[in-house]
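Residue-level structural notes
Spelled out, the chains give:
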Amino acid sequence: MTFARCLALAATALAATTALPTLAAFPDKPVKILIGFPAGGPLDAHARLLAEKLQAALGQPVIIDYKAGAGGSVGAEFVAKSAADGYTLLLANTGTMVINPAVYTKLPYQTLKDFVPIARTAQQPLALVVNPAVPANTVQELVALAKKNPGKLNYGSAGNGGISHLVPEIFKSATGTFIVHIPYRGSAPAFTDLLAGQVQVMAESIPQASQYVKQGKLRALAVTGRERNAALPDLPTFAEAGIKGLEVVGFYGILAPVAIPKDVVARLSDAFKQVLENPEIRSKMAAQGADPAYLGSEAFGAYLVAQMPIWAKAVKDSGTKLD
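Residues numbered from 1 in each chain as written. Predicted model: local features only at pLDDT ≥ 70, side-chain atom pairs only at ≥ 80, totals over all residues. Heavy atoms only, no water.

A short note on the overall build of the protein
Threshold: In DSSP terms, a helix is any run of H or I states spanning at least four residues, a strand is any run of E spanning at least two, and both are numbered starting from the N terminus. Summary of the burial criterion: residues with accessible area below 20% of their type's maximum are buried, those above 50% are exposed, and those between are partly exposed, where the area comes from a 1.4 Å probe applied to protein chains only. The criterion used for residue contact is that any of the two residues' heavy atoms lie within 4.5 Å. For the area figures, the Shrake-Rupley method with a 1.4 Å probe applies, and any residue is considered shielded solely by the protein chains shown.
Check the secondary structure of the protein and you find 12 helices and nine strands. Each principal axis of the C-alpha distribution contributes one length, and for the protein these read about 105 × 40 × 30 Å. The burial tally for the protein puts 52% of its 323 residues in the buried class. A separation threshold of at least 6 residues defines the contact pool for the protein, and within that pool the share at least 24 residues apart is 78%. For the protein, the computed accessible surface area is about 14500 Å², with 57% contributed by carbon and sulfur atoms.

Structure (structure tokens):
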């Protein structure tokens with residue numbers, strides 16, 4: 001073969017190589033964040049707070065969608081079975097990822113096997129709140145009222161087995177009271193009935209509760225964290241109110257189907273890190289009562305592993321078990 005022929009073949013090969021399509025950098029289309037609860041609840045508010053800055057970090061639109069039911073399990077199952085390409089993500093909470101596995105005997109997903117953690121986006125305590133018509137201004141007054149009227153007070157929750165269900169159950173166990181549980185399909189409808197007085201008591205995330213407390217539409221009695229919360233600084237902890245064993249902090253986090261490529265995990269995790277380091281986002285989250293407690297993929301995974309036995313014990317102690 002002549003030298004000229006070799007050059008011609010090399011030039012042809014180079015041209016063919018450069019003509020090959022290259023894989024588009026992630027993301028090259030909108031990213032969907034799915035929530036397993038109805039619109040209007042605390043997860044929805046959290047997602048909307050993050051979405052605008054996340055769109056800037058990813059360079060693509062961020063769409064928020066909902067598939068409610070079974071304490072977030074319907075949405076979690078949907079994401080677990082979605083394409084593992086990074087374009088369908090789950091924004092989940094403590095209930096969906098670490099409480100449901102202990103509550104449901106037939107859960108259609110496994111937290112540690114069917115998902116890859118992307119980022120923990122927040123931690124936050126809950127507040128015990130009552131409708132203003134309830135004649136109790138302190139935790140101890142609520143305990144006295146419940147003991148005087150066993151079974152006549154109702155509390156609402158976002159669904160069986162979730163954190164808003166377990167916290168009142170722990171409260172009942174710690175105080176020897178009987179308050180009837182009314183489960184809803186998500187936090188928003190439960191909250192609507194609490195405001196209307198159809199249920200009298202609720203343990204709710206501080207971002208959701210604080211706005212109504214400040215407007216005088218609800219009365220807050222205590223916060224479940226170890227320390228008082230900046231959004232409701234005058235509200236005592238349960239320990240300060242004389243109730244031991246009710247130190248509870250929930251979390252929010254982003255997860256993806258298990259086979260998602262590692263480089264996509266890194267890209268997404270970094271994007272959430274950028275968002276949660278933004279001073280405006282941190283300020284707004286703190287004002288709502290949430291802690292922008294970012295954890296990357298590996299650290300979030302280790303956190304989930306550590307949380308599992310803690311909540312399994314709480315579920316066992318409460319006697320909650322669902323099919």
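Notes on the environment of Pro207
Checked against the element boundaries, Pro207 lands in helix 9 (residues 206-214). According to the relative accessible area criterion, Pro207 is buried, its value standing at 16%. Between the alpha carbons of Pro207 and Gln124 there is a distance of 8.7 Å; along the sequence they are 83 residues apart. Residues in contact with Pro207, not counting those within four places in the same chain, are Gln124, Gln288 and Ala290.

Quick word on the confidence of the model for the protein
The following threshold applies: pLDDT measures how confident the predictor is about each residue, on a scale from 0 to 100.
For the protein, mean pLDDT is 89; residues scoring 70 or higher make up 93% of the total. Here residues 2-23 is a poorly scored stretch, pLDDT under 50, and it has two contacts once near neighbours within four places are set aside; other chains count.

Considering empty space enclosed by the protein
What counts, and what does not: Each cavity reported here is a set of points on a 1 Å grid over the protein atoms alone in which a 1.4 Å probe fits but cannot get out, each pocket an open set with protein on both sides within 12 Å along at least five of seven lines, and each lining residue one with an atom within 4 Å of a point. Grid points are joined across faces, edges and corners, and a volume is the space filled by probe spheres set on the points.
Taken as a whole and assessed by the stated rule, the structure comprises three cavities of 30 Å³ or more. Size it by volume and the largest cavity reaches roughly 300 Å³. Surrounding the largest cavity, 24 residues form its lining, Pro42, Asn93, Ala158, Ile163 and Tyr252 being those nearest its centre. Elements with a minimum of two residues in the lining of the largest cavity: helix 2 (42-58), helix 4 (94-103), strand 4 (115-130), helix 7 (163-175), strand 7 (201-205) and strand 9 (249-257).

Overview of the pairing of strand 6 (residues 180-183)
Counted only if it meets this: When DSSP locates at least two bridges between a pair of strands, those strands are taken to pair. If the strands point away from the viewer and the path from the first strand over the helix to the second runs clockwise, then the crossover is right-handed.
When strand 5 (residues 154-157) meets strand 6, the two strands line up parallel, connected through four bridges. The residue bridging Asn154 from the neighbouring strand is Val180, located in strand 6. The parallel pair strand 5 and strand 6, bridged by helix 7, forms a crossover whose chirality is right-handed.

Points about the pattern of salt bridges
Applicable threshold: By salt bridge we mean one thing: a side-chain nitrogen of Lys or Arg within 4 Å of a carboxyl oxygen of Asp or Glu.
For the structure on display, the rule yields nine salt bridges. Between Glu169 and Lys172 there is a salt bridge whose closest N-O contact spans 3.0 Å. In this pair, Glu169 and Lys172 both sit in helix 7, three residues apart, roughly one turn of the helix. The pair formed by Glu169 and Lys172 is uniform in burial state, with each residue classed as buried. For Arg226, the salt bridge identified is with Glu247, shortest N-O distance 3.1 Å. Remark: Glu247 occurs in the loop between strand 8 (219-223) and strand 9 and Arg226 occurs in the loop between strand 8 and strand 9; sequence separation between them is 21 residues. Here the salt bridges share partners, and the residues they tie into one network are Lys53, Glu280 and Lys284.

Focus on helix 11 (residues 279-288)
In an α-helix, one turn spans 3.6 residues; hence positions three or four apart end up facing the same way. The line we're drawing: Between N or O atoms, a polar contact is any pair within 3.5 Å; within protein, one atom must be a potential hydrogen donor and the other a potential acceptor, and residues adjacent in sequence are included only when both atoms are from side chains.
Capping the start of helix 11, Asn278 holds a side-chain oxygen 2.8 Å from the backbone nitrogen of Glu280, two or three residues further along. In the stretch just after helix 11, Gly289 is the one whose phi turns positive, near 105°.

Points about the packing of helix 2 against helix 10 (residues 262-276)
Stated formally: Note on method: axes are straight lines fitted to C-alpha atoms, helices fitted across the in-contact stretch only, with angles between N-to-C directions ranging 0 to 180 degrees. Angle categories: roughly parallel below 35 degrees, roughly antiparallel above 145, roughly perpendicular from 65 to 115, and oblique for all the rest. Should the near helix be turned counterclockwise from the far one by less than a right angle, the crossing is left-handed, whereas a clockwise turn marks it as right-handed. Three categories are distinguished: nonpolar for Ala, Val, Leu, Ile, Met, Phe, Trp, Tyr, Cys and Pro, charged for Asp, Glu, Lys and Arg, and polar for the others, with Gly belonging to the last.
Where helix 2 contacts helix 10, the two axes come as close as 9 Å, and the packing angle between them is 125°. Relative to helix 10, the element helix 2 lies oblique. In this structure, the crossing between helix 2 and helix 10 has a hand that is right-handed. Across the interface between the two elements, Leu50, Lys53, Leu54, Ala57 and Leu58 from helix 2 touch Arg267, Leu268, Ala271, Phe272, Gln274, Val275 and Leu276 from helix 10. Taken together, the residues of the contact of helix 2 with helix 10 break down into nine nonpolar, one polar and two charged.

Brief notes about the layout of surface pockets
Think of a ball as big as a water molecule: rolled over the atoms, this probe shows where empty space is left. For the largest pocket, the calculated volume is near 370 Å³. Every residue lining the largest pocket is counted, 15 residues in all, and those nearest its centre are Ile170, Glu247, Val248, Trp311 and Ala314. Elements supplying a minimum of two residues to the lining of the largest pocket: helix 7 and helix 12 (297-318). With seven residues, the top contributor of residues to the lining of the largest pocket is helix 12.

Things to note about the nonpolar core
We apply this condition: Nonpolar cores were defined as sets of buried Ala, Val, Leu, Ile, Met, Phe, Trp, Tyr and Cys residues, with membership established by side-chain atoms within 4.5 Å.
Ranked by internal contacts, the top residues of the largest apolar core, which has 49 residues, are Met97, Val139, Leu142 and Phe171. Per element, the largest residue contribution to this core is seven residues, and it comes from helix 12. Those residues in contact with Met97, other than ones at most four positions away along the chain, are Leu90, Ala92, Thr111, Phe115, Phe251, Leu255, Leu304 and Met308. In terms of nonpolar packing, the next biggest core, distinct from the first, is built from 36 residues, Leu43, Leu58, Ala256 and Ala271 among them.

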